[in-house]
Amino acid sequence: MTGARGVLFDFSGTLFRVEPAASWLRAALAGAGVAAADDEVARLAALLEEAGAQPGGTRPSRVPAHLADVWAERDLGPERHRAAYTGLAREVPLPEESLYEALYARHMEPAAWRPYADAAEVLGELRRRGVRTAVVSNIGWDLRPVFRAHGLDELVDAYVLSYEHGAQKPDPRLFRVACEALGLPPGDVLMVGDNRRADGGAGSIGCAVRLVEHLPVEERPEGLRPVLGLAG
């Protein structure tokens, strides 16, 4: 596709990346007033990462049977999202019970997220060209404050979040809502995301799909720039 009139962007791994697990844990420890040596932080962070306990981070190596149902529907509501991720975190023994909720709270803070280096440039250029944009995310909480804190909210025309619509990507309903929010037919819209299955679902309603790599911010300085050759 060239000349798309609208672009849908995924959030985590596409426009933003969550902080490393060790940084996430250190912030929660500090907030809870719990001291831990560097080697212990590294050890616990590695276990939490393996468990998949950080939203936006590494997927779990396995989902315990007692969490399977809530994990499958984690992005359909705030309660399910919290239960899924605090449940995974509790697979790792931490020094204080309060840390499980502290970790969950930390991942929703704008400071826990960094935009990719070219996100502002690409969103700004799309706005200059008159290309409408929306964020379409499988998520259980309101990510709008993250965009506001990083100065990107004014460059986004609409947000379509799974928990607000009772549907998770790749369900075509979510992409239809997004296209309607932009006032465009799917054939004029490009979906940009990092997950072939979830974001690729936009293709089922006629959107073009462009995949990016889910990499640390430092390793993907220009992953979004090719979008500018496909839109406007």
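See the structure printed just above.
Presented here is a report on the structure given in the accompanying data block. Position numbers for residues start from 1 in each chain and track the written sequence from start to end. Owing to the predicted nature of the model, reporting of local features is limited to residues with pLDDT of at least 70; listing and counting of side-chain atom pairs is limited to 80 or more, with chain, interface and lining totals taken over all residues. The side-chain numbers reported here are obtained from all heavy atoms of the structure, hydrogens and water having been left aside.

Examining the overall build of the protein
Counting from the N terminus, the helices are DSSP H or I runs at least four residues long and the strands are E runs at least two residues long. Helix and strand counts for the protein stand at ten helices and seven strands. Only C-alpha atoms enter the radius of gyration; for comparison, a globular chain is expected to reach 2.2 Å times N to the power 0.38, where N is the number of residues. The C-alpha atoms of the protein give a radius of gyration of 18 Å, which matches the 17 Å a tight globule of 232 residues would have. Its C-alpha atoms put the protein at 55 × 35 × 25 Å along the principal axes. For each residue, the accessible area found with a 1.4 Å probe, counting protein chains only, is set against the maximum for its type, and the residue is called buried under 20%, exposed over 50%, and partly exposed in between. Classification of the 232 residues of the protein by burial places 50% in the buried group. Taking as baseline every contact in the protein between residues at least 6 positions apart, the subset at least 24 positions apart corresponds to 69%. Just so you have it, the protein exposes about 10200 Å², and 49% of that area is on carbon and sulfur atoms. Averaging the positions of the 26 positive and the 33 negative side-chain charges in the protein gives two centres separated by 5 Å. Any two residues whose heavy atoms approach within 4.5 Å at even a single point are treated as in contact. Here the Shrake-Rupley method, with its probe set to 1.4 Å, supplies the accessible areas, and only the displayed protein chains count as covering residues. When charges are counted, neither His nor the chain ends are considered; positive counts come from Lys and Arg and negative counts from Asp and Glu. Think of each charge as sitting on NZ of Lys, CZ of Arg, CG of Asp or CD of Glu.

Let's talk about the nonpolar core
Across soluble globular proteins, nonpolar side chains have a tendency to be buried as a group. Joining through side-chain atoms within 4.5 Å is the link that ties buried Ala, Val, Leu, Ile, Met, Phe, Trp, Tyr and Cys residues into a set, and such a set is a nonpolar core. With 61 residues, the main nonpolar core has Phe9, Phe11 and Phe147 as its most contacted residues. Not counting residues up to four positions away in its chain, the partners in contact with phenylalanine 11 are Phe16, Trp113, Val135, Val136, Ser137, Ile139, Trp141, Leu143, Val146 and Phe147. Among the nonpolar cores identified, the runner-up in size contains 17 residues, and Ala167, Phe175, Ala178 and Leu184 belong to it.

So, the sheet that holds strand β4 (residues 132-137)
A pair of strands is labelled paired if DSSP reports no fewer than 2 bridges between them. What the five strands build is an open sheet, ordered β5-β4-β1-β6-β7; its pairing is parallel. The two strands at the open ends of the sheet, each matched to only one other strand, are β5 (158-161) and β7 (208-211). Between one strand and the next, the sheet's axes are offset by a mean angle of 20°, whatever the strand orientation. Here strand β1 (residues 6-9) runs beside strand β6 (residues 189-193); their pairing, made up of four bridges, is parallel. Paired with phenylalanine 9 across the strands is valine 192, a residue of β6. Lines fitted to the C-alpha atoms define the axes, with helices restricted to the stretch that makes contact. Angles between their N-to-C directions range from 0 to 180 degrees. Sheet strands touched by helix α6 (residues 119-129): β1 and β4. Its angle to β1, the strand with the most contacts, is close to 155°. The strands touched by helix α9 (residues 172-182) within the sheet are β1, β4, β5 and β6, with β4 carrying the most contacts at an inclination of about 155°.

Observations concerning the side chain of glutamine 168
In this fold, glutamine 168 is placed in the loop between α8 (162-165) and α9. Here aspartate 75 takes part through its backbone nitrogen, which lies 3.0 Å from a polar atom of the side chain of glutamine 168. For this analysis, a polar contact is any N or O atom pair within 3.5 Å, provided that within protein one partner can donate a hydrogen and the other can accept it, and provided that sequence-adjacent residues contribute only side-chain to side-chain pairs.

A look at the pairing of β1
Burial along β1 is two-sided: Gly6 and Leu8 and Val7 and Phe9, pointing in opposite directions, are all buried. Sheet topology places β1 next to β4; four bridges connect them, and they run parallel. Bridging from a neighbouring strand, phenylalanine 9 pairs with valine 135 of β4.

Section: the packing of helix α4 (residues 78-89) against helix α5 (residues 98-107)
Between α4 and α5, the least distance of the axes is 9 Å, while the angle of their chain directions is 125°. Comparing their axes, α5 and α4 come out oblique. In terms of crossing hand, the pair formed by α4 and α5 is right-handed. Seen from α4, the contacting residues are Pro78, His81, Arg82, Tyr85, Thr86 and Ala89; seen from α5, they are Tyr100, Glu101, Tyr104 and His107. The classification used treats Ala, Val, Leu, Ile, Met, Phe, Trp, Tyr, Cys and Pro as nonpolar, Asp, Glu, Lys and Arg as charged, and all other residues, Gly among them, as polar. For the contact of α4 with α5, the residue count by class is five nonpolar, three polar and two charged. An angle below 35 degrees is read as roughly parallel, one above 145 as roughly antiparallel, one from 65 to 115 as roughly perpendicular, and any other as oblique. Left-handed describes a crossing whose near helix is turned anticlockwise from the far helix by less than a right angle; the clockwise case is right-handed.

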